[in-house]
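# Chain and residue survey
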Amino acid sequence: MGENRMDAHPAQRLDDVVHQRVRLGILTVLSTEPRVAFTVLRDLLGQPDSGLSRHLRVLEDARLVDTDKVIEDRKPRTWISITDAGRHALRQELAALRSMISAIETGGADLLAFAALLGDEPGERDRERADLVISEVPAGFRLARESAVDSNYRLVSMPGADWGSHSSQALTFRSHGLLGGHFRSFASATAGVHVMLVELGNPQAPIAILSALAPSNLLIDGLDPYRGFVTEREGGGTLGVCWIAVGPYLVCVSMTGDEEVIRAQLPHFAAGQRAKLTR
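Residues numbered from 1 in each chain as written. Predicted model: local features only at pLDDT ≥ 70, side-chain atom pairs only at ≥ 80, totals over all residues. Heavy atoms only, no water.

### Let's talk about helix α4 (residues 49-61)
Note: α-helices contain 3.6 residues per turn, so residues at a spacing of three or four share the same orientation. Operational definition: In DSSP terms, a helix is any run of H or I states spanning at least four residues, a strand is any run of E spanning at least two, and both are numbered starting from the N terminus. Working rule for helices: expected span equals 1.5 Å times residues minus one. Exposure classes here rest on a 1.4 Å probe applied to the protein chains alone. A residue is buried below 20% of its type maximum, exposed above 50%, and partly exposed in between. Note that the arc is computed from the directions linking the helix axis to the C-beta atoms. Only heavy atoms enter the contact rule, under which two residues are in contact if any of them lie within 4.5 Å.
For α4, with 13 residues, the first-to-last C-alpha span of 18 Å sits near the 18 Å given by 1.5 Å per residue. Taken together, the buried positions of α4 are G51, L52, H55, L56 and L59. The buried residues of α4 occupy one face: seen down the axis, they fall within an arc of 130 degrees. Among the exposed residues of α4, those oriented more than 90 degrees off its buried face are S50 and D61. Of the surrounding secondary structure, the elements contacted by the buried residues of α4 are α1 (16-19), α2 (21-30), α3 (38-45), β2 (65-72) and β3 (75-82). Just past α4, the residue R63 takes up positive phi, approximately 60 degrees.

### A word on the nonpolar core
Threshold: For this analysis, a nonpolar core means a set of buried residues of the types Ala, Val, Leu, Ile, Met, Phe, Trp, Tyr and Cys, connected via side-chain atoms within 4.5 Å.
Residues V193, V195 and V253 are the most contacted members of the largest nonpolar core, which totals 26 residues. Listing elements by their share of this core, those giving two or more residues are β6 (192-200), β7 (226-232), β8 (238-246), β9 (249-257) and α9 (259-278). By residue number, the principal contributor to this core is α9, which donates 5 residues. Setting aside residues no more than four positions away along its own chain, V193 makes contact with F141, R184, S185, F186, V253, S254, M255 and F269.

Now the structure itself:
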């Protein structure tokens, strides 16, 4: 009787250098742009400078990315680009992941082994909230990631994600009866945009929260009621934020990048988001 032969599991084709979550994110973002600024990559992937630098060194050592440090407008800027070897490694990684998905769908793999890559099936209310978040954006920007937001202010498809103001915002929203929300982010080569919509059980809460914020230092015509701010980030770069309240919904549109770009583009994103809520 011949010996039973089992083909190697596709997980064996995963490259540890590429498969790590942040490094896979870096290659995925870089694969869609000729080059991306370090600060945009940092904000898009939710990494501190030191963490992103560490992962970039690993990819550089493997010759999967290149970095170019330059001076632009008298300011230092680091550009990151993917190499041909990086594109090939990413294609190989995605091919292995597709094989794993195929094995699951045909009953040839353990679903639990792949569970971390699967998101929850969105409910009808989640889809309705997603429809309220801006999707039409200026030329040069593309969708980077999105997720439903649960009633504990967690990103459903990225449960481990966190951000600097997460705890205080979660407490505020939950105290006003947070029902859920939706998060969507966009990126260009020089800027990142994040849109967070939450629905609160108390319909007066969004206006109350808005009123408690400091006066705007970024003025946007035709957007009242809102609060808009431009400030310098502790780690370098500029942050623009616009809060909008409509009915039971409170939306934060934030943008990172050069101040000139933020002042020119953030009002367009904010106006588009308000129009989406009031249609």
